[in-house]
Amino acid sequence: MKNTFNILTLGCKVNQYESEAIEELFINRGFEKQEDKADIYVINTCTVTNMSDRKSRQTISKARKENPNAIIAVMGCYSQVKPDEVKKIEGVDIILGSRNKEDVVSLCQDFLNDKKQISDIISLSETKTIEELQIENQSEMTRAYIKIQDGCNMYCSYCMIPYARGDISSRNMDSIVEEAKKLTDNGFKEIVLTGIHVSSYGKEKALKEKSDLIDVIENVAKVDGVKRIRLSSMEPRHISRDFLERMKKTGKACDHFHLSLQSGSNHILKLMNRKYDPSLYKEKVELIREYFPNAGITTDIIVGFPQETEEDHKDTLEFIKEIGFSKIHVFKYSKRTGTVAATMSGQINGNIKKERSHDILKLEEKIRKDFLQKQVGNTLSVLFETKSDMDGFMSGYSSNYLRVNVKDKVETNQIKDVLITEVKDNELIGKII
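Structure report, in brief. Please read all numbers here as calculations on a predicted model, not as lab measurements.

### Some thoughts on unusual backbone geometry
Here's step 1: Phi at Tyr401 is positive, roughly 65°, even though this residue is not glycine.
Here's step 2: Notably, Asp425 is not glycine yet its phi reads approximately 50°, a positive angle.

### Quick look at the nonpolar core
Here's step 1: Counting 67 residues, the largest nonpolar core has Leu193, Phe243, Phe257 and Tyr281 as the members making the most contacts within it.
Here's step 2: With six residues, helix α8 (residues 213–221) is the largest single contributor of residues to this core.
Here's step 3: Ignoring anything within four residues of it in the chain, the contact list for Tyr281 reads Pro236, Leu259, Ser260, Leu261, Tyr276, Ile297, Thr299, Phe319, Ile323 and Phe325.
Here's step 4: Formed by 19 residues, the second largest nonpolar core is a distinct cluster that contains Phe31, Met75, Val105 and Leu112.

### Section: the packing of aromatic side chains
Note on aromatic pairs: each is described by the distance of the centres and the angle between the planes.
Here's step 1: A complete count under the given rule lists ten aromatic pairs for this structure.
Here's step 2: For the ring pair Phe26 and Phe31, a centre distance of 5.2 Å and an interplane angle of 85° mean the geometry is edge-to-face.
Here's step 3: Take Phe31: its relative accessible area is 10%, and that puts it in the buried class.
Here's step 4: Ring geometry for Phe305 against Tyr333: centres 5.3 Å apart, planes inclined by 70°, an arrangement best described as edge-to-face.

### Observations regarding helix α13 (residues 350–374)
Here's step 1: Here α13 spans 36 Å end to end across 25 residues, near enough to the 36 Å set by a 1.5 Å rise per residue.
Here's step 2: Lys353, Arg356, Ser357, Ile360, Leu363, Glu364, Ile367, Arg368, Phe371 and Leu372 are the residues of α13 that are buried.

### Some details on the pattern of salt bridges
Here's step 1: Counted by the stated rule, this structure contains 31 salt bridges.
Here's step 2: Across the pair Glu308 and Arg356 runs a salt bridge whose closest N-O atoms are separated by 2.9 Å. Separated by 48 residues along the polypeptide, Glu308 in the loop between β12 (296–303) and α12 (310–323) and Arg356 in helix α13 bring together distant segments of the chain. Accessibility classification places Glu308 together with Arg356 in one group, the buried group.
Here's step 3: When the shortest N-O distance is used, the salt bridge between Lys366 and Asp370 registers 3.0 Å. Remark: Asp370 and Lys366 occur in helix α13; sequence separation between them is four residues, near one turn of the helix.
Here's step 4: When its relative accessible area of 35% is taken as the criterion, Asp370 is described as partly exposed.
Here's step 5: By sharing partners, the salt bridges in this structure join Glu18, Arg99, Lys101, Lys147, Asp150 and Arg165 into a single network.

### Regarding the packing of helix α9 (residues 241–249) against helix α11 (residues 278–291)
Here's step 1: Between α9 and α11, the shortest axis-to-axis distance is 10 Å and the interhelical angle comes to 30°. The angle between α9 and α11 falls in the class roughly parallel. Note that α9 runs across α11; the crossing there is right-handed. Contacts from Arg241, Leu244, Glu245 and Lys248 in α9 reach Leu287, Ile288, Glu290 and Tyr291 in α11.

Criteria and thresholds
- Residues numbered from 1 in each chain as written.
- Predicted model: local features only at pLDDT ≥ 70, side-chain atom pairs only at ≥ 80, totals over all residues.
- Heavy atoms only, no water.
- Core = buried A, V, L, I, M, F, W, Y, C linked by side-chain atoms within 4.5 Å.
- Buried < 20%, exposed > 50% of the residue type's maximum accessible area, 1.4 Å probe, protein only.
- Helix = DSSP H or I, 4+ residues; strand = E, 2+ residues; numbered from the N terminus.
- Contact = heavy atoms within 4.5 Å.
- Phe/Tyr/Trp six-rings, centres within 6.5 Å; stacked < 30°, edge-to-face > 60°.
- Expected span 1.5 Å × (residues − 1).
- Salt bridge = Lys/Arg side-chain N within 4 Å of Asp/Glu carboxyl O.
- Axes fitted to C-alpha atoms, helices over the stretch in contact; angles between N-to-C directions.
- Parallel < 35°, antiparallel > 145°, perpendicular 65-115°, else oblique.
- Left-handed = near helix turned anticlockwise from the far one by under 90°.

Written out as structure tokens, the structure is:
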């Protein structure tokens, strides 16, 4: 069988995690990773926007051009949602969906035997269990991701993910802990718990082993070698006093929370089918700051959602000021065929989206600088990762997810307390104490 492979990944951290797990499957079967002109290309696709579909198609074409004789395997959310479209792309040999990625190695062998296109898309209504992928080594040297959950049941009006990933499913607790042990044995100090909708861990009705996200945090915190635990994006509704008390008690939880907002307008949140309003969001942020006073709160904002008025936009700007985020990711609304929002009246002109995006980015720059300035004089726990772009400095991330630079001698993958002395180029400068 052809013995070199390359995996090209689009989209979210979950996709990246799954690609690294698949890479280990190939290596364990005797394959060698090769960046250029590989014998096998695996393209792990994304479908969150129409642009994501386009990038997926472009990546497939690029792989075929690099090696016209390679096996091309396409998997992930785009092929799950639009398998017929993927089948028609010239040069695609294997098509898988979003829940059967672990089969790709054996399917490559099947293709070599028969030389016929293979389509193995599993209906998401038929599979309710999570795919048990694991990783022992990851490309990042200090921070390791563990996928604990898949799927989403929220059905936000703009989002394709429930159709691409199916209903929620949670990973077995013992499997999560086992992977955490393997990762720490290989030197990783920080574990990031990730999933498509990580707050839904343990929420499926059919689950026999009743547990919650906080149970995962507590169990991973007990693993020798785990020094820090970080969470991927969460819904504000799932933040509670009990959750925060137990989280802080572990002594290993990072004071960084990525809470999806999308809009500061209650009118738009209802149209989006989000399950909270601005007042609830604010209440949860205040609760977080009660337990983690210096928490970094990051979020996502969508501008130009259908029927968004200038007043709605102003509400979002005022709400951003009120919360004081440490970082905001801004996205211009993109009509996604197959979603409720795509059929809504009042679609917003592209120039207006651009203007509103600019307004938020300009405000984001100010509030980010304000948050960074507040760190001067504070002592932050920093996991050092790499040499800084600043000459002679080492760089890493604080527990509240800010990049910190020091001139002290420090090895990669060490956690040190750093006294912050100044802000430079939107990054923190400090000295180890």
